[in-house]
Amino acid sequence: MESPNAIVGRCFDEHLELLALIREQHYLIEDIAASWCSAIKAGCKLMLCGNGGSAADSQHIAAELVGRFKKNRAALPAIALTTDTSALTAIGNDFGFEYVFSRQVQALGSPNDILVMFSTSGNSENLVQAAGAAASRGCQTLAILGGDGGRLSKVVHKSIIVPSRNTARVQEMHILIGHILCEIVENELNEAGSL
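Residue numbering note: each chain is counted from 1, following its sequence as written. In keeping with the model being predicted, local features are shown solely for residues with a pLDDT of at least 70 and side-chain atom pairs are shown and tallied solely at 80 or more, while totals for entire chains, interfaces and linings include all residues. Water and hydrogen atoms play no part in the side-chain values, which are based on all heavy atoms of the structure.

**Q** Please explain the nonpolar core as it appears in this structure.
**A** The nonpolar side chains of a soluble globular protein tend to be buried with one another. Residues Trp36, Leu48, Ile61, Leu65, Ile177 and Leu181 are the most contacted members of the largest nonpolar core, which totals 34 residues. Secondary structure elements follow DSSP: runs of H or I of four or more residues count as helices, runs of E of two or more count as strands, with numbering from the N terminus. The biggest single contributor to this core is helix H7 (residues 167-191), with eight residues. The residues touching leucine 65, leaving out its near neighbours within four places in the chain, are Trp36, Leu46, Arg73, Ala75, Leu76, Ala78 and Cys182. Listed in part, the 22 residues of the second largest apolar core include Ala87, Ile91, Leu127 and Val156. The criterion is simple. A nonpolar core is a set of buried Ala, Val, Leu, Ile, Met, Phe, Trp, Tyr and Cys residues joined through side-chain atoms within 4.5 Å. Relative accessibility decides the category of a residue: with a 1.4 Å probe and only protein chains considered, values under 20% of the type maximum give buried, values over 50% give exposed, and everything between is partly exposed. Any two residues whose heavy atoms approach within 4.5 Å are treated as being in contact.

Right, here's the structure in full:
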(Lines give C-alpha, C1' and ligand atoms only; values in the text may rest on other atoms or scores of the structure.)
Protein backbone atom coordinates (compact mmCIF):
# COMPACT_ATOMS: atom_id res chain seq x y z
CA MET A 1 0.00 0.00 0.00
CA GLU A 2 1.30 3.47 -0.93
CA SER A 3 1.82 5.76 2.06
CA PRO A 4 0.08 9.16 2.26
CA ASN A 5 3.50 10.82 2.02
CA ALA A 6 4.32 8.86 -1.15
CA ILE A 7 0.95 9.75 -2.70
CA VAL A 8 1.49 13.45 -1.98
CA GLY A 9 4.97 13.39 -3.47
CA ARG A 10 3.92 11.43 -6.54
CA CYS A 11 0.94 13.70 -7.24
CA PHE A 12 3.06 16.84 -6.98
CA ASP A 13 5.72 15.30 -9.25
CA GLU A 14 3.12 14.30 -11.86
CA HIS A 15 1.55 17.75 -11.72
CA LEU A 16 4.85 19.57 -12.16
CA GLU A 17 5.95 17.33 -15.02
CA LEU A 18 2.71 17.95 -16.89
CA LEU A 19 2.81 21.66 -16.08
CA ALA A 20 6.17 21.93 -17.84
CA LEU A 21 4.76 20.24 -20.95
CA ILE A 22 1.73 22.53 -21.02
CA ARG A 23 3.85 25.63 -20.57
CA GLU A 24 5.55 24.72 -23.87
CA GLN A 25 2.11 25.11 -25.53
CA HIS A 26 1.69 28.72 -24.40
CA TYR A 27 1.29 29.84 -28.03
CA LEU A 28 -1.86 27.69 -28.34
CA ILE A 29 -3.35 29.25 -25.21
CA GLU A 30 -2.55 32.71 -26.58
CA ASP A 31 -4.13 31.82 -29.95
CA ILE A 32 -7.33 30.59 -28.34
CA ALA A 33 -7.48 33.68 -26.11
CA ALA A 34 -7.20 35.85 -29.23
CA SER A 35 -10.13 33.93 -30.77
CA TRP A 36 -12.23 34.54 -27.66
CA CYS A 37 -11.39 38.25 -27.67
CA SER A 38 -12.23 38.65 -31.36
CA ALA A 39 -15.54 36.86 -30.97
CA ILE A 40 -16.58 38.88 -27.93
CA LYS A 41 -15.58 42.18 -29.59
CA ALA A 42 -17.74 41.18 -32.58
CA GLY A 43 -20.78 40.66 -30.33
CA CYS A 44 -20.60 36.87 -30.37
CA LYS A 45 -20.81 34.48 -27.43
CA LEU A 46 -19.00 31.49 -26.01
CA MET A 47 -20.86 28.23 -25.40
CA LEU A 48 -19.05 25.78 -23.13
CA CYS A 49 -19.65 22.09 -22.45
CA GLY A 50 -18.15 18.85 -21.18
CA ASN A 51 -19.07 15.76 -19.18
CA GLY A 52 -18.56 15.06 -15.47
CA GLY A 53 -15.60 17.04 -14.13
CA SER A 54 -15.34 18.71 -17.53
CA ALA A 55 -18.94 19.89 -17.14
CA ALA A 56 -17.88 21.51 -13.88
CA ASP A 57 -14.93 23.15 -15.68
CA SER A 58 -17.31 24.49 -18.34
CA GLN A 59 -19.58 25.99 -15.71
CA HIS A 60 -16.63 27.40 -13.77
CA ILE A 61 -15.13 29.20 -16.77
CA ALA A 62 -18.51 30.49 -17.97
CA ALA A 63 -19.12 31.90 -14.48
CA GLU A 64 -15.72 33.63 -14.48
CA LEU A 65 -16.61 35.33 -17.76
CA VAL A 66 -20.19 36.32 -16.95
CA GLY A 67 -19.28 37.41 -13.42
CA ARG A 68 -15.68 38.46 -13.15
CA PHE A 69 -12.27 36.88 -12.94
CA LYS A 70 -10.03 39.49 -11.32
CA LYS A 71 -11.48 42.84 -12.38
CA ASN A 72 -14.86 44.49 -11.99
CA ARG A 73 -15.97 44.94 -15.59
CA ALA A 74 -18.87 44.41 -17.96
CA ALA A 75 -20.28 40.89 -18.10
CA LEU A 76 -18.96 38.78 -20.97
CA PRO A 77 -21.28 36.56 -23.07
CA ALA A 78 -20.70 32.94 -22.06
CA ILE A 79 -23.12 30.11 -21.37
CA ALA A 80 -22.48 26.61 -20.04
CA LEU A 81 -24.60 24.08 -21.93
CA THR A 82 -24.35 21.73 -18.95
CA THR A 83 -26.64 23.57 -16.54
CA ASP A 84 -30.22 23.37 -17.85
CA THR A 85 -31.42 20.10 -16.33
CA SER A 86 -34.79 20.26 -18.06
CA ALA A 87 -33.19 20.61 -21.50
CA LEU A 88 -30.53 18.00 -20.75
CA THR A 89 -32.99 15.40 -19.50
CA ALA A 90 -35.61 16.11 -22.18
CA ILE A 91 -33.07 15.88 -25.00
CA GLY A 92 -31.44 12.82 -23.42
CA ASN A 93 -34.80 11.10 -23.02
CA ASP A 94 -36.32 12.06 -26.37
CA PHE A 95 -33.29 11.95 -28.66
CA GLY A 96 -30.44 10.27 -26.74
CA PHE A 97 -27.59 11.43 -24.51
CA GLU A 98 -25.33 11.89 -27.53
CA TYR A 99 -27.45 14.91 -28.55
CA VAL A 100 -27.67 16.80 -25.24
CA PHE A 101 -25.24 19.48 -26.42
CA SER A 102 -25.79 19.49 -30.19
CA ARG A 103 -29.50 20.30 -29.84
CA GLN A 104 -28.63 23.27 -27.63
CA VAL A 105 -26.00 24.44 -30.13
CA GLN A 106 -28.59 24.19 -32.91
CA ALA A 107 -30.95 26.36 -30.85
CA LEU A 108 -28.49 28.90 -29.46
CA GLY A 109 -25.49 29.00 -31.81
CA SER A 110 -25.05 31.85 -34.26
CA PRO A 111 -22.36 32.36 -36.91
CA ASN A 112 -18.96 33.18 -35.40
CA ASP A 113 -19.98 32.16 -31.88
CA ILE A 114 -17.46 29.81 -30.28
CA LEU A 115 -18.17 26.35 -28.89
CA VAL A 116 -15.58 25.45 -26.23
CA MET A 117 -15.43 21.77 -25.26
CA PHE A 118 -13.57 20.27 -22.32
CA SER A 119 -12.77 16.56 -22.45
CA THR A 120 -10.10 14.42 -20.80
CA SER A 121 -10.35 11.80 -23.58
CA GLY A 122 -11.69 13.67 -26.61
CA ASN A 123 -13.92 10.70 -27.42
CA SER A 124 -17.32 11.67 -25.97
CA GLU A 125 -19.97 11.21 -28.65
CA ASN A 126 -22.06 14.11 -27.36
CA LEU A 127 -19.10 16.47 -27.85
CA VAL A 128 -18.35 15.14 -31.34
CA GLN A 129 -22.02 15.71 -32.21
CA ALA A 130 -21.87 19.22 -30.70
CA ALA A 131 -18.81 20.06 -32.81
CA GLY A 132 -20.69 19.00 -35.94
CA ALA A 133 -23.73 21.06 -34.99
CA ALA A 134 -21.53 24.08 -34.29
CA ALA A 135 -19.79 23.80 -37.65
CA SER A 136 -23.14 23.61 -39.43
CA ARG A 137 -24.21 26.84 -37.65
CA GLY A 138 -21.01 28.63 -38.68
CA CYS A 139 -19.54 28.58 -35.17
CA GLN A 140 -15.86 28.16 -34.35
CA THR A 141 -15.01 25.00 -32.42
CA LEU A 142 -12.29 24.87 -29.77
CA ALA A 143 -11.38 21.96 -27.52
CA ILE A 144 -9.29 21.62 -24.38
CA LEU A 145 -8.40 17.94 -24.30
CA GLY A 146 -6.35 15.19 -22.69
CA GLY A 147 -4.63 12.00 -23.81
CA ASP A 148 -3.95 12.11 -27.55
CA GLY A 149 -6.92 14.40 -28.20
CA GLY A 150 -9.17 11.57 -29.33
CA ARG A 151 -11.81 11.96 -32.04
CA LEU A 152 -12.58 15.53 -31.05
CA SER A 153 -9.11 16.80 -31.95
CA LYS A 154 -9.76 15.78 -35.55
CA VAL A 155 -13.03 17.72 -35.96
CA VAL A 156 -12.41 21.05 -34.21
CA HIS A 157 -10.82 24.23 -35.52
CA LYS A 158 -8.31 24.54 -32.65
CA SER A 159 -7.33 22.48 -29.64
CA ILE A 160 -4.98 22.28 -26.71
CA ILE A 161 -4.06 18.73 -25.71
CA VAL A 162 -2.76 17.88 -22.25
CA PRO A 163 -0.60 14.83 -23.05
CA SER A 164 -1.64 12.52 -20.21
CA ARG A 165 -4.22 9.81 -19.54
CA ASN A 166 -4.27 10.59 -15.82
CA THR A 167 -7.71 12.20 -15.52
CA ALA A 168 -6.98 14.10 -12.30
CA ARG A 169 -3.78 15.65 -13.66
CA VAL A 170 -5.47 16.53 -16.98
CA GLN A 171 -8.33 18.26 -15.15
CA GLU A 172 -5.82 20.25 -13.07
CA MET A 173 -4.22 21.53 -16.28
CA HIS A 174 -7.63 22.23 -17.84
CA ILE A 175 -8.70 24.57 -15.05
CA LEU A 176 -5.30 26.29 -15.15
CA ILE A 177 -5.66 26.80 -18.91
CA GLY A 178 -9.21 28.08 -18.38
CA HIS A 179 -8.06 30.57 -15.76
CA ILE A 180 -5.23 31.80 -17.99
CA LEU A 181 -7.69 32.29 -20.87
CA CYS A 182 -10.02 34.27 -18.60
CA GLU A 183 -7.20 36.50 -17.41
CA ILE A 184 -5.93 37.20 -20.92
CA VAL A 185 -9.43 37.96 -22.21
CA GLU A 186 -10.25 40.22 -19.28
CA ASN A 187 -6.94 42.06 -19.63
CA GLU A 188 -7.03 42.40 -23.42
CA LEU A 189 -10.62 43.59 -23.61
CA ASN A 190 -10.08 46.02 -20.76
CA GLU A 191 -6.95 47.46 -22.44
CA ALA A 192 -8.84 47.78 -25.74
CA GLY A 193 -11.61 49.71 -23.98
CA SER A 194 -14.14 47.01 -24.85
CA LEU A 195 -15.22 46.54 -21.21
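After presenting the structure, the write-up continues.
**Q** Would you take a moment to explain the environment of asparagine 190 for this structure?
**A** Positionally, asparagine 190 belongs in helix H7. Using a relative accessible area of 34% as the deciding quantity, one classes asparagine 190 as partly exposed. In sequence terms asparagine 190 and lysine 71 are 119 residues apart; their C-alpha atoms lie 9.1 Å from each other.

**Q** Sorry if this is basic, but what is going on with the sheet that holds strand E3 (residues 114-119) here?
**A** Strand pairing requires that DSSP identify at least two bridges connecting the strands. Read across the sheet, five strands follow the order E2-E1-E3-E4-E5 without closing on themselves; strand pairing throughout is parallel. Strands with a single pairing partner mark the edges of an open sheet, and in this sheet they are strand E2 (78-80) and strand E5 (158-162). On average, adjacent strands in this sheet sit at an angle of 15° to one another, irrespective of strand direction. Looking at chain direction, strand E4 (residues 140-146) and E5 are connected through five bridges and run parallel. Residue leucine 145 lies in a different strand from E5, and its bridge partner there is isoleucine 161. Every axis in this analysis is a line fitted to C-alpha atoms, fitted for helices over the stretch in contact. Angles between the N-to-C directions lie between 0 and 180 degrees.

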